[in-house]
Amino acid sequence: MNWFRRSLAVVAAVALVASGCGGGDDDSSVTTIGLLSAALADTAEASSYRESLSVGMKWKIAGVELSTGIEEENPAFVCEVTPERDYCRFDMSTFIESLFGFMLDDWDDLGFEMWLDQERLVVDTRSLQPLIDVDPDVDLELLAPGVFFVDLTALEAGSTELMDAVAGSSTPDLSEMAERLPAALTAIEQTSTNPPTFVGTTTSAKLIEALGGDVEADARCDAATMGMASPEDIDELAELIVEFYETNTAEVVVELNEQGLLSVLWTKEDYSGLLVIIAEYGSLDAELSEQERQEAIQELESAEITLATRVAYEPDADLEVPQPPPTADDRTQEWHEFLPECG
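Every chain is numbered independently, its residues counted from 1 as its sequence is written. Thresholds applied to this predicted model are a pLDDT of at least 70 for local features of residues and 80 or more for the giving and counting of side-chain atom pairs; totals over whole chains, interfaces and linings are not thresholded and use all residues. Side-chain metrics in this entry use all non-hydrogen atoms of the structure; hydrogen atoms and water are not considered.

A. Quick peek at the side chain of Thr82. Relative to the helices and strands, Thr82 resides in the loop between β3 (77–81) and β4 (86–91). Of the polar contacts made by the side chain of Thr82, one reaches the backbone oxygen of Arg85; its length is 2.8 Å. Aside from chain neighbours lying at most four places away, what touches Thr82 is Ser47, Ser48, Leu319 and Val321. Secondary structure elements follow DSSP: runs of H or I no shorter than four residues count as helices, runs of E no shorter than two count as strands, and numbering proceeds from the N terminus. N or O atoms closer than or at 3.5 Å make up a polar contact, with two conditions inside protein: a donor-capable atom paired with an acceptor-capable one, and, for residues adjacent in sequence, both atoms drawn from side chains. Any two residues whose heavy atoms approach within 4.5 Å at even a single point are treated as in contact.

B. Looking closely at the pattern of salt bridges. Any carboxyl oxygen of Asp or Glu within 4 Å of a side-chain nitrogen of Lys or Arg constitutes a salt bridge here. If you walk through the whole model with that rule in mind, you get six salt bridges. Across the pair Glu72 and Arg310 runs a salt bridge, and its minimum N-O distance is 3.6 Å. You can see Glu72 sitting in the loop between β2 (64–68) and β3 and its partner Arg310 sitting in strand β12 (residues 304–315), a full 238 residues away along the chain. Look at Glu72 and you get partly exposed, because its relative accessible area is 41%. Linking Asp329 and Arg331 is a salt bridge whose minimum nitrogen-to-oxygen distance equals 3.2 Å. For the exposure calls, accessible area comes from a 1.4 Å probe over protein chains only, and a residue counts as buried if that area is under 20% of its type's maximum, exposed if over 50%, partly exposed in between. On the accessibility criterion, Asp329 (29% relative accessible area) is partly exposed. In this structure Arg331 comes out as buried when scored by relative accessible area, which is 9%. Counted as one network, the salt bridges with shared partners bring together Arg50, Glu80 and Arg89.

C. Inspection of the packing of aromatic side chains at higher detail. Pairing of aromatic side chains requires ring centres within 6.5 Å, counting the rings of Phe and Tyr and the six-membered ring of Trp. Pairs whose planes differ by under 30 degrees are stacked, by over 60 edge-to-face, and all others tilted. In total, this model carries six aromatic pairs according to the counting rule given. Measuring from ring centre to ring centre gives 6.2 Å for Phe77 and Phe90, while their planes differ by 50°; the resulting arrangement is tilted. Of this pair, Phe77 sits in strand β3 while Phe90 is found in strand β4, placing the two residues 13 residues apart along the sequence. A ring pair is formed by Phe148 and Trp335, whose centres lie 6.3 Å apart and whose planes are at 45°; its orientation type is tilted. With Phe148 in strand β7 (residues 147–151) and Trp335 in helix α13 (residues 332–338), this pair connects stretches of sequence that are 187 residues apart. For Phe148, a relative accessible area of 0% gives the class buried. Connected via pairs of aromatic rings, a cluster forms that spans Phe77, Phe90 and Phe112.

D. Quick peek at the pairing of strand β11 (residues 262–270). When strand β10 (residues 249–256) meets β11, the two strands line up antiparallel, connected through seven bridges. Its bridge partner being in β11, Val254 is matched across the sheet by Leu265. Joining the antiparallel neighbours β10 and β11 is a turn of five residues, in which Gly260 adopts a positive phi near 80°. Where β11 and β12 come together, seven bridges link them in antiparallel fashion. For Thr267, the partnering residue across the bridge sits in β12 and is Thr309. At least two DSSP bridges between two strands are needed for those strands to be called paired.

Structural measurements only, silent on function.
Following this line, the structure appears as structure tokens:
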């Protein structure tokens with residue numbers, strides 16, 4: 001979930017850059033920054049809006065190639081934001097199809113819902129029950145089927161960082177991102193006027209930091225979930241992942257609508273190098289011989305994985321978010337114990 005949450009945040013945030021590094025004194029660059037800055041500042045004033053995320057992936061591993069396009073009309077993640085609360089729906093079936101190119105038979109509604117306000121996060125994971133029915137040994141941990149809540153006031157009392165991590169499960173605040181991201185892009189240019197389109201590049205690390213996130217904390221979470229189990233190995237693996245983020249390039253496209261407001265965001269990132277880092281530090285099958293392990297690493301060195309994302313924004317002043325379902329299932333302590341593992 002951490003990877004998905006961070007990816008969503010990166011995708012949303014990168015479009016809200018008010019200015020860019022590397023612009024120098026070039027008049028056209030300054031003009032471009034000014035146009036985008038004004039448009040995004042106006043967009044950030046929207047207090048209620050709908051955000052829809054669609055993803056696509058292209059990968060090539062061990063001679064097997066797969067390319068899935070972005071389905072604009074079938075988003076994997078939809079979040080409705082109002083001043084009172086956020087409501088998000090994650091369609092796991094669509095997400096898996098977008099990444100791996102196959103449907104989950106009879107599981108069209110596999111996913112979960114979240115409601116978030118200032119005091120409480122409510123999550124409905126009852127739609128994940130088919131996973132347990134097929135394999136009772138499956139451990140979904142924090143997302144075990146049911147309707148539960150996380151007391152944000154309790155998390156905040158124990159650790160502001162923990163509370164921020166849970167709150168980060170929802171879509172980022174547009175106004176805050178507009179203030180934090182002026183230096184995120186290392187290059188930016190306007191490529192079209194109909195619709196107004198801006199193209200830029202940055203690094204994964206700069207995006208995470210521009211969002212107010214912690215690169216080292218995110219890398220440690222990646223290491224904990226994809227790498228090795230011992231704290232010592234996690235620390236070492238996290239350092240390498242940080243280095244990857246600091247050099248990994250993200251391509252960004254921002255489209256405005258007829259009113260000059262943020263409409264659609266596109267991002268593309270190459271995660272090929274991350275596979276080798278993780279493989280070299282123990283995430284391969286422990287039963288492999290050293291020769292088999294080295295052969296697998298060599299295979300991964302030639303692997304290609306590119307993730308593309310499209311986010312559509314729809315301001316809606318009349319948007320009303322539904323009330324969360326009632327629940328007495330308090331999983332605050334479980335979340336409190338889990339989140340430190342991700343930094």
